[in-house]
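Descriptive analysis of the structure
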Amino acid sequence: MENSGEHQEVPVPVEGVAGGGTAYGWNEVGVNVSSLSGETIDPLKVHSSELVHVWCMPSTANIGPQEMPRALEPISLLSARNERESFQIAIRPKVSWAGSRMAGSVYLQSSDLCSTSGDRLVVGESLKVRQVVPILGVPDALVPLEVPVSRVTLYPGETTAIWVSVDVPDTQPPGQYEADFFITVSRADAESTGQLLGKDDRIQLYNELKHCLDVAEPIDRQPLDGVVESVKSLSASLRRVLLSPLFSDLNVDNGSVDMMDEDTITNLSIRLKLSLTIWDFVLPAAPSLPAVIGVSDTVIEDRFGVEHGSSQWFEILDQHFKWLLQYKISPYFCRWREGMRVLSYTCPWPADHPKSDEYFSDPRLAAYAVPYSPVVSCHDTAEEFLQKEIEILRTKDHWRKAYFYLWDEPINLDHYEAMRDMASEIHSYAPDARIMTTYYCGPSNAQLASNNFEAFLKVPEFLRPHTQIFCTSEWVIGNRDDLAKDILAEIQPENGEEWWTYVCMGPSDPQPNWHLGMRGTQHRAVMWRVWKEGSTGFLYWGANCYEKATVPSAEIRFRQGLPPGDGVLFYPGQVFSSSNEPVASLRLERLLSGLQDIEYLKLYSSRFGREEGIRLLEKTNMYIGPERYTHDQMSIDLMRGEVFRTCWSQPGNH
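The text that follows walks through the structure, step by step, so that each part is easy to find. As the structure is a computational prediction, the values presented were derived from the model and not from experiment. (Residues numbered from 1 in each chain as written. Predicted model: local features only at pLDDT ≥ 70, side-chain atom pairs only at ≥ 80, totals over all residues. Heavy atoms only, no water.)

**Re the pattern of salt bridges**
Rule in force here: Every case where a carboxyl oxygen of Asp or Glu lies within 4 Å of a side-chain nitrogen of Lys or Arg is listed as a salt bridge. Going along the chain from the N terminus, every DSSP run of H or I of four or more residues is numbered as a helix, and every run of E of two or more is numbered as a strand. Note on exposure labels: buried denotes an accessible area under 20% of the residue type's maximum, exposed denotes more than 50%, and partly exposed covers the range between, all computed with a 1.4 Å probe on protein chains only.
Applying the stated criterion to the full structure yields 33 salt bridges. Arginine 640 is the salt-bridge partner of glutamate 83, the closest N and O atoms lying 2.8 Å from each other. Of this pair, glutamate 83 sits in strand β3 (residues 83-93) while arginine 640 is found in helix α16 (residues 634-647), placing the two residues 557 residues apart along the sequence. Given the relative accessible area of 2%, glutamate 83 is considered buried. Taking relative accessible area as the criterion, arginine 640 reaches 3% and is therefore assigned buried. A network of salt bridges, in which partner residues are shared, links Glu83, Glu85, Arg524, Asp597 and Arg640.

Here it is, written out as structure tokens:
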């Protein structure tokens, strides 16, 4: 999806880092302003387009509160099966009609996506709606809204963004699907008016509730006839309370969209049409390129107040694991120890527990971390535990997914020697075990080569045979993606070795990373870079590594010394509502989109060769190098469209 109009790229600042605001500076071109006068506005008598601007933006746009309106156009999406596609709806008030500090509220209502053959994607199951909430002034958190009818509060002079996602099941019949979205302004008396009640209204409400209490308290001492009369009196008082202005937005007669008839919705609403083309390509259940993402168990323990190893601890970790799988990543839990040793484990239960097979056999999981020592205290010694885990897991078909992550970025000989000793113990039990080591340099006190990069290139030789997955920082490569060839030349795939990459604090702008405030395409390009450079896996150190807090709803604070957003890809749901479900960031959604783009490129390369796949990336200007990639959605649509056009295997559709 691409909207018309041109704009000038402006770096997106972060409040407290480089100012505030997140708009890209669109000009208000071809957008109608309201013709309403200053009279009282009744939304049930005025078309919603007189009161609000509505337009659509791609999932790669960062829509800040000062984003200016654009023309409303229909949305067209392309999706494979087992893929998620998203877009955004932007809403900005033209006038205020609520008579308060807010401009007013709108209702967003959506229909199921239906095909001409009768197949459908159901709202609430396949189609989900979330509101984009700023973090440090930058749009990032995606807070779930109710469906099929969502209520959204608007503020004067501010644009609000709604994120719409469509999840296409792997069994969904291909075809053309359509749905309608209706945006309808709600009446002013349907706004939340509790804080606007006058003193007389509050006195009346207080007296009604006090009367209920006076009637209810002595009810157990009354005869049966008296009880009946008391209940009738209570019922009358409670009915008057429910009909008060405080609850007007919940009253069935208040004109809410979900209570309005279809003609009213159609006549007064802004209608937005969504067209979705589903083709017969099915994305694999597990991504072709494993993306292993760390989740700090100590952050969970502190924030949720759970004791390590308790039943509630297992329950919360289980919830996080299952929730993260929808993003096609392979989560692992971790805690750091002395000298950057790290205890990494995907399953908190031991290998002989039924949950272990449930976790590791999940078809969506591409890789799993095996702990080097007990996750929860047990009767076995550390050596006995490790041997037992390996002996059980080696008998399973999913053992091919297993890896050990022992040390995070060793930097001196002591670190390297300790890690090699741990690896030797593992290989004594399982010679085919895969050890992963992350690094950005050679050991500082060993002369491996005459300069730093040459020493870095010699690390595989230094670690062999104690490491099978050499995971290097993209920061080392910088803007020289040709250096990837030098790294690959040192890897021995014929001996089971792999090259993976990771991003952490660096690389910084303009290279791809997941820092808060970077462009949407910059987030998505992390995975484009991985694929083009030729690595076969990816690691990210943390998805929930915010500052310590001791209550789930505590304000999110990023860690000092790190770029905003570094180490954080989702938020606790309790920060935004009463929900216990984690809240995704825009950056996590764009990680998923990048992984899905890899599947398109992989399909194209399987038909025409990898060099042609790289050429497709470049000729669409989607990704040329770490500092040369698209800043808009059109290049992404061109790449995906070309794969669709050339690889659709359905007869008569080539």
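**Digging into the packing of aromatic side chains**
For clarity, the cut-off: Geometry of aromatic contacts follows a simple scheme: Phe, Tyr and Trp rings, the Trp one being its six-membered ring, pair when their centres are within 6.5 Å, and the pair is stacked under 30 degrees between planes, edge-to-face over 60, tilted otherwise. Remark: a charge is flagged as sitting over a ring if the NZ atom of Lys or the CZ atom of Arg is within 6 Å of the ring centre and within 35 degrees of the ring normal.
In total, this model carries 25 aromatic pairs according to the counting rule given. Their ring planes at 75° and their centres at 5.9 Å tell us that tryptophan 349 and tyrosine 359 sit as a pair that is edge-to-face. Note that tryptophan 349 is positioned in the loop between β15 (342-345) and α6 (354-360) and tyrosine 359 in helix α6, a separation of 10 residues in sequence. The residues tryptophan 349 and tyrosine 359 share a single accessibility class, namely buried. Taken together through their ring pairs, the aromatic side chains of Trp279, Phe281, Tyr600, Phe644 and Trp648 make up a single cluster. Looking at arginine 640, its charged tip hangs above the ring of tyrosine 600, at a distance of 4.4 Å from the centre.

**What about the side chain of serine 356?**
To be explicit about the condition: Here a residue-residue contact requires only that any non-hydrogen atoms of the pair lie within 4.5 Å.
Its location among the elements puts serine 356 in helix α6. Take serine 356: its relative accessible area is 1%, and that puts it in the buried class. Excluding anything up to four places from it in sequence, serine 356 contacts Cys347, Pro350, Ala351 and Leu393.

**Things to note about the sheet that holds strand β1 (residues 52-58)**
To be explicit about the condition: Only strands joined by at least two bridges in the DSSP assignment are considered to pair. Where helices are involved, their axes are fitted lines through C-alpha atoms of the stretch in contact, as for all axes, and angles between N-to-C directions lie from 0 to 180°.
Strand order in the open sheet formed by five strands is β1-β3-β10-β7-β8, with antiparallel pairing between adjacent strands. Of all strands in the sheet, those with a lone pairing partner are β1 and β8 (138-144), marking the two edges. When strand polarity is set aside, the average angle formed by the axes of neighbouring strands in this sheet is 30°. Relative to β8, strand β7 (residues 127-135) runs antiparallel, the two sharing six bridges. Within β8, the position partnered with valine 132 by the bridge is leucine 142.

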